[in-house]
Amino acid sequence: MNFYLAPMEGITTHIYRNALQRHYGGIDCYYTPFLSNKSFNSKELRDILPEHNKGFKVVPQILTNQPETFLAIAEKLQDYGYREVNLNLGCPSGTVTAKKRGAGFLSVPDQLDRFLDRIFAGCPLDISIKTRIGIEAEYEWADLLAIYKKYPIKELTVHPRYQKEFYHGTPHVEAFQLAIDTLKGSSIALCYNGDITSAESFHALLGKAPSTEAVMVGRGALANPEIFQLLRREEPAQSPKEASSLSPREKLSSFQAFHDEILMGYMGYMPGDQPTLFKMKELWGYMGQYVHAADSQLKQIRKAKRISEYKIAVQGILAQAPGRATP
Ligand SMILES: Cc1cc2nc3c(=O)[nH]c(=O)nc-3n(C[C@H](O)[C@H](O)[C@H](O)COP(=O)(O)O)c2cc1C
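Only a predicted model underlies this, so the values are computations on that prediction, with no experimental measurement involved.

1. Let's talk about the packing of aromatic side chains
Here is step 1: Enumeration according to the criterion identifies 14 aromatic pairs in this entry.
Here is step 2: With a centroid separation of 5.2 Å and an interplanar angle of 65°, the aromatic rings of Phe105 and Phe115 are classed as edge-to-face. Here the residue Phe105 occupies a position in the loop between helix 4 (94-97) and helix 5 (109-122), and Phe115 occupies one in helix 5, the gap between them amounting to ten residues. The pair formed by Phe105 and Phe115 is uniform in burial state, with each residue classed as buried.
Here is step 3: Judged by centre distance (5.3 Å) and plane angle (75°), the rings of Phe176 and Tyr192 are edge-to-face. Here Phe176 is found in helix 7 (residues 173-183), whereas its partner Tyr192 is found in strand 7 (residues 189-193), with 16 residues between them in sequence.
Here is step 4: For Tyr192, a relative accessible area of 3% gives the class buried.
Here is step 5: Three or more aromatic residues joined by ring pairs make a cluster, and in this case those are Tyr16, Tyr24, Phe255, Phe258, Trp284 and Tyr290.

Take a look at the structure:
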């Protein structure tokens with residue numbers, strides 16, 4: 001079984017990836033948030049520079065519907081030493097889909113087919129794809145799979161929701177199983193993505209799609225950075241007490257080191273307090289529960305206007321978390 005960290009725009013940056021790898025690990029591949037222009041801005045460049053991604057596998061993601069743009073970005077990434085790029089056919093946001101990009105590209109399968117034909121003919125790198133199962137109707141998925149089957153896709157990651165569902169409802173695991181059945185015998189590897197948040201949800205997936213060979217985790221990893229270690233265990237956790245492989249004290253000290261590395265990483269290059277605070281507040285929207293933060297404590301984080309206030313709010317949470325060092 002392979003485990004991947006999902007790309008999450010603005011969150012799974014190289015700062016986050018390095019901290020996650022150092023303090024938790026268990027991840028076979030990290031996908032970057034998408035690039036959509038052939039000239040990289042300084043933020044994008046910083047994110048993909050090999051010296052910022054040492055010691056773990058990274059696959060940069062591309063979001064475009066223009067073959068020339070895709071090929072130009074891939075060529076630049078090749079110059080930085082990358083061997084694989086990932087095509088985003090999953091982004092459901094209105095601004096992206098209105099231009100027939102991301103999941104919006106799935107609404108014009110003939111154009112998508114021609115695009116794939118061009119990029120697979122011209123790309124010097126391996127191409128993997130991350131896809132939704134269509135815009136809104138069940139028949140779309142079989143047609144899309146018939147298109148995908150024609151190309152030497154390195155790996156197809158399926159987030160089995162329709163574009164119109166955004167992140168709502170339950171993933172359609174049966175659509176992932178249809179992909180397994182349809183692509184059997186082809187060279188295309190498959191990866192499941194969507195709502196894996198615990199060993200229980202992972203084992204429920206394996207119950208429904210037992211031949212799953214790779215899983216990509218997004219929000220579940222933000223909420224619990226230890227999740228990959230938990231998923232790698234043979235048996236699902238039996239009780240909440242077993243839902244961590246670390247003692248409460250180890251759990252807290254790993255989290256503190258992880259948190260501090262991210263904070264210092266952003267402070268190291270972002271001007272003033274505000275951009276760093278924005279990043280940290282977004283993260284706390286997911287990870288509060290991991291250290292049992294109360295709503296009132298998370299509110300203090302959201303209210304912080306300076307890093308100094310933010311640090312006091314974080315100290316307040318960690319001082320009350322299980323496993324805190326006794327004075
Ligand atoms: C804040 C946020 C940003 C995201 N950015 C990207 C992105 O840049 N590229 C992409 O393919 N998917 C992106 N996604 C989708 C995730 O990669 C993933 O497919 C989705 O969250 C479902 O997986 P999960 O339930 O494990 O989170 C994003 C999701 C969130 C919540």
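2. Some words on the side chain of His14
Here is step 1: In this fold, His14 is placed in helix 1 (residues 14-23).
Here is step 2: Using a relative accessible area of 9% as the deciding quantity, one classes His14 as buried.
Here is step 3: Those residues in contact with His14, other than ones at most four positions away along the chain, are Arg46, Asp47, His52, Asn53 and Tyr269.

Conventions and cut-offs
- Residues numbered from 1 in each chain as written.
- Predicted model: local features only at pLDDT ≥ 70, side-chain atom pairs only at ≥ 80, totals over all residues.
- Heavy atoms only, no water.
- Phe/Tyr/Trp six-rings, centres within 6.5 Å; stacked < 30°, edge-to-face > 60°.
- Helix = DSSP H or I, 4+ residues; strand = E, 2+ residues; numbered from the N terminus.
- Buried < 20%, exposed > 50% of the residue type's maximum accessible area, 1.4 Å probe, protein only.
- Contact = heavy atoms within 4.5 Å.

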